[in-house]
Amino acid sequence: MPLVNAKEMMEKAREGHYAVGAFNINNLEWTKAILQTAEELHAPVMLGVSEGANKYMTGYLVVAEMVKAMIKTLNITVPVALHLDHGTYEGAKKALAAGYSSVMFDGSKYPIDENIEKTKEIVELAKQYNASVEAEVGAIGGEEDGVKGNGELADPNQCKVIADCGIDMLAAGIGNIHGVYPANWKGLNFDVLAAIKAKCGDMPLVLHGGTGIPEDMIKKAISLGVCKINVNTECQLAFAKATRLYIEEGKDHEKKGFDPRKLLAPGAEAIKETVKQKMEMFGCINKA
Ligand code: 13P
């Protein structure tokens with residue numbers, strides 16, 4: 001199946017009361033592991049790519065072509081959206097031109113009027129590519145790819161204004177944080193989420209910082225309109241742990257160094273397991 005935008009995925013998730021997992025990719029191994037897991041579990045999936053990861057993989061075009069080719073050669077039949085994560089205004093334009101089927105324009109750092117104006121421009125441009133658009137109101141806490149947010153709670157009125165810009169998904173800060181949650185984390189603010197849902201109606205909501213959010217909070221968030229959940233750190237942690245273990249065990253380095261394919265294999269398996277656990281929690285298995 002060719003890349004799809006996220007519109008239908010979001011509608012089905014909203015109607016079916018589950019969330020689609022958006023997993024960040026950083027290299028070929030991560031991409032392969034996530035696609036294979038989605039296929040095995042018959043789950044729709046979104047591949048999130050930060051601007052930093054795009055740069056690391058040498059550019060939007062390389063990422064788009066790699067993902068499209070991999071879908072073909074691995075015979076992936078489940079819906080896959082290739083999504084720019086926390087895109088800048090210029091980054092979103094570049095991703096669309098390169099073949100991304102979905103973009104997040106993160107205008108949360110701008111004053112609201114500028115966020116509205118730029119979001120509308122990206123929405124118009126995305127229409128030309130039949131791509132979907134995610135916008136953001138109220139920064140997500142923590143740091144992601146050098147982008148810092150203070151964990152603001154989004155203003156439901158501002159959410160409504162941005163939701164009316166023609167976007168397909170809305171990320172709104174509700175106390176969620178990128179990375180591992182601190183021990184004194186207050187949890188998701190469901191009053192704010194409910195108020196956003198009341199204002200924005202059917203607009204699919206996006207929960208960033210999906211690492212380490214307890215299952216009961218995930219389920220409640222889904223019941224209040226969350227249709228997409230982003231996960232990055234949990235895959236990174238699993239990948240790092242498995243790779244470290246492999247190196248410590250010193251499998252083959254005495255003879256000829258590490259075979260890079262063997263070195264990265266345990267990490268890829270760990271990502272598969274993490275993606276599976278998350279998909280179970282999000283309820284998106286067998287929803288393709
Ligand atoms: P985590 O790194 O906390 O899983 O968050 C990922 C994310 O929200 C990407 O936008």
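Residues numbered from 1 in each chain as written. Predicted model: local features only at pLDDT ≥ 70, side-chain atom pairs only at ≥ 80, totals over all residues. Heavy atoms only, no water.

**With respect to the sheet that holds strand S1 (residues 20-24)**
Around the barrel, which closes on itself, the eight strands sit in the order S1-S2-S3-S4-S5-S8-S9-S10 with parallel pairing between neighbours. Ignoring strand direction, the axes of neighbouring strands in this sheet form an average angle of 25°. Relative to strand S10 (residues 226-231), S1 runs parallel, the two being bridged by four bridges. Across the sheet, Phe23 pairs through a bridge with Val231, a residue of S10. Across the face of the sheet, helix H1 (residues 7-16) comes into contact with S1, strand S2 (45-49), strand S3 (80-87), strand S5 (132-137), strand S8 (169-172) and S10 while running at roughly 115° to S10. (Pairing = 2+ DSSP bridges. Helix = DSSP H or I, 4+ residues; strand = E, 2+ residues; numbered from the N terminus. Axes fitted to C-alpha atoms, helices over the stretch in contact; angles between N-to-C directions. Contact = heavy atoms within 4.5 Å.)

**Comments concerning the packing of helix H4 (residues 60-73) against helix H5 (residues 89-98)**
The geometry of H4 relative to H5 is characterised by a closest axis approach of 9 Å and an angle of 40° between their N-to-C directions. In terms of orientation, H4 and H5 fall into the oblique class. Viewed along their axes, H4 and H5 form a crossing whose handedness is right-handed. Every residue of H5 that contacts H4 at Tyr60, Leu61 and Ala64 is listed here: Gly91, Lys94, Ala95 and Ala98. Here the contact of H4 with H5 is built from residues that sort into five nonpolar, one polar and one charged. (Parallel < 35°, antiparallel > 145°, perpendicular 65-115°, else oblique. Left-handed = near helix turned anticlockwise from the far one by under 90°. Nonpolar A, V, L, I, M, F, W, Y, C, P; charged D, E, K, R; others polar.)

**Regarding the pairing of S10**
Buried residues dominate S10, accounting for six of its six residues. Bridge analysis of strand S9 (residues 205-207) against S10 gives three bridges, and the strand direction is parallel. Residue Val206 lies in a different strand from S10, and its bridge partner there is Lys228. A crossover links S9 with its parallel partner S10, the connecting element being helix H9 (residues 215-223), and its sense is right-handed. (Buried < 20%, exposed > 50% of the residue type's maximum accessible area, 1.4 Å probe, protein only. Right-handed = clockwise from strand over helix to strand, strands pointing away.)

**With respect to the layout of surface pockets**
Its volume calculated, the second largest pocket comes out at about 190 Å³. Every residue lining the second largest pocket is listed: Leu28, Glu29, Lys32, Ala33, Gln36, Pro260, Arg261, Leu264, Ala265, Ala268, Glu269 and Lys272. Those elements that provide at least two residues to the lining of the second largest pocket are helix H2 (28-40) and helix H12 (260-282). Ranked by the residues each element gives to the lining of the second largest pocket, the list is headed by H12, at seven residues. Of the residues contributing to the lining of the second largest pocket, the split by class is six nonpolar, one polar and five charged. (1 Å grid on protein atoms, 1.4 Å probe; cavity = no way out; pocket = protein on both sides within 12 Å on 5 of 7 lines; lining within 4 Å. Points joined across faces, edges and corners; volume = space filled by probe spheres on them.)

**Some points on the site of the ligand**
Taken together, 15 residues form the shell around the ligand, and within it Asp85, Gly179, Gly209, Thr211 and Thr233 come nearest. In the model, an oxygen atom of the ligand is placed 2.8 Å from a nitrogen or oxygen of the Gly179 main chain. Within the complex, 100% of the 310 Å² of free accessible area of the ligand lies under protein. Of all the secondary structure elements, the ones that give two or more residues to the shell around the ligand are S3 and S10. Of the residues belonging to the shell around the ligand, the class tally is two nonpolar, 11 polar and two charged. (Near = heavy atom within 4 Å. Polar contact = N/O pair within 3.5 Å; in protein donor to acceptor, adjacent residues only side chain to side chain. Areas by Shrake-Rupley, 256 points an atom, 1.4 Å probe, with all protein chains shown as cover.)

**Considering the pairing of S5**
Burial within S5 is extensive, with six of its six residues counted as buried. Of the two faces of S5, both are covered, the one formed by Ser132, Glu134 and Glu136 as well as the one formed by Val133, Ala135 and Val137. Strand direction decides the pairing type here: strand S4 (residues 102-105) and S5, joined by four bridges, are parallel. Pairing of Phe105 across the sheet is with Ala135, part of S5. Between S4 and its parallel partner S5, the chain crosses via helix H6 (residues 112-128), and the hand of that crossover is right-handed. Of the strand pairs in this sheet, S5 and S8 are connected by four bridges, and their pairing is parallel. The residue bridging Glu136 from the neighbouring strand is Ala171, located in S8.

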